[in-house]
Amino acid sequence: MNQELTVSSGLPVYLYQEHLGNLFNRNRELIDSISLNYLCFDDQKEYFIHLMESFDQIDPSAPIKRQLESFLLDLFTKKGRPKQLKGEYSEINICKASKDRIYLVPGMQEEEAIRIKSENPKIKVCHAENIFEVLKPLPYEVELIKGKQYDLPQLFAPFAKGSKTLGIIDPYIFNSNGLANFKLLANKTVYEKISIKCNPPEKLTGKDGKPIKTTLFDQFIDELRGKGTDVQITYFEKIKHKERYVLYDEVQIYIPGGLDMFDSNGTFQNEGEGFYLIFKKRTISL
């Protein structure tokens, strides 16, 4: 998400044909995934001439035509990114001028995608077979298996991209593994604001029954503030079970057992089965 996409101007026709001919089409997921990103067009706006020609190929009496036109034009208004082209107009040249160089052409055959990729190795061609590998739909799940290593920053990267905030809901974020993984996530970029909700440390005790020490946690918070990040910490009123989450501007990630369930190498340590990282559109506020 928050990637710069170059979407084929033929997208409306593709969505219309899928709507008519494929009972199990994934149009809604595709539309939702596109809306979480930025859409590129040329600064001369020739792209929109071709986009409107695509709409003209749809039955004017079909309700989906009006729905798609309203959605896409509104999305370009809100999340459009004009690009100055090198060379003549083409969607490939728009894509080359974008940051992420993702060319979304759902109706393209794989052979054509391979040809374009061979001629433009820096472009990632996104077609029907790999759309949801590149544009991960929400909700999205990753199964967690005890003893398996996970690179949390890499897993979270597509959802963290462009986020100005980072939120952590984890009662025991002070624990060594939890703190280590928090550091990995927080050091990926300089966030404008980091919000943490946890248990009050003065009410927590270690395995030895003594009050926990928060020296390393406090030092890291000072480091973040020294970089210009506004760090806000709030506490739960009662010490009881709380679900753990990592929050970005637009996505919330449920973490069973919290960041402490991954050791310093990213190995998941929770016992049992049926554990998943669950990525959803954000509804939680801090």
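To be clear, the structure that these remarks concern was listed above.
Before going into details, it helps to say that this report is about the structure given with it. (Residues numbered from 1 in each chain as written. Predicted model: local features only at pLDDT ≥ 70, side-chain atom pairs only at ≥ 80, totals over all residues. Heavy atoms only, no water.)

1. Some details on the overall build of the protein
1) Next: Helix and strand counts for the protein stand at ten helices and twelve strands.
2) Next: The C-alpha extent of the protein, read off along each of the three principal axes, is 70 × 40 × 35 Å.
3) Next: The proportion of buried residues among the 286 residues of the protein is 46%.
4) Next: Carbon and sulfur atoms make up 48% of the accessible area of the protein, which amounts to about 15,500 Å² in all. (Helix = DSSP H or I, 4+ residues; strand = E, 2+ residues; numbered from the N terminus. Buried < 20%, exposed > 50% of the residue type's maximum accessible area, 1.4 Å probe, protein only. Areas by Shrake-Rupley, 256 points an atom, 1.4 Å probe, with all protein chains shown as cover.)

2. Quick word on the sheet that holds strand 8 (residues 193–198)
1) Next: Pairing in this open sheet of seven strands is mixed, and the strands run 6-12-11-10-7-8-9 from one edge to the other. Each having just a single partner strand, strand 6 (140–144) and strand 9 (230–235) make up the two edges of the open sheet. Here the strands of the sheet are splayed against their neighbours by 15° on average, with no regard to which way each runs.
2) Next: Both strand 7 (residues 165–169) and strand 10 (residues 245–247) contribute to a ladder of three bridges, which runs antiparallel. Paired with Gly167 across the strands is Leu247, a residue of strand 10.
3) Next: Lying over the sheet, helix 8 (residues 152–160) contacts strand 6, strand 10, strand 11 (251–254) and strand 12 (275–281), oriented at roughly 25° with respect to strand 12. (Pairing = 2+ DSSP bridges. Axes fitted to C-alpha atoms, helices over the stretch in contact; angles between N-to-C directions. Contact = heavy atoms within 4.5 Å.)

3. Observations concerning unusual backbone geometry
1) Next: In this structure, Pro139 follows Leu138 across a cis peptide bond, with omega equal to 0°.
2) Next: As for its position among the elements, Pro139 is in the loop between helix 7 (131–134) and strand 6.
3) Next: Not every positive phi belongs to a glycine, and Asn2 is a case in point at roughly 55°.
4) Next: Structurally, Asn2 is set in the segment before strand 1 (4–7).
5) Next: The backbone of Lys45 sits at a positive phi, close to 65°, despite the residue not being glycine.
6) Next: The residue Lys45 is located in the loop between strand 2 (38–42) and helix 3 (46–56) in this model.

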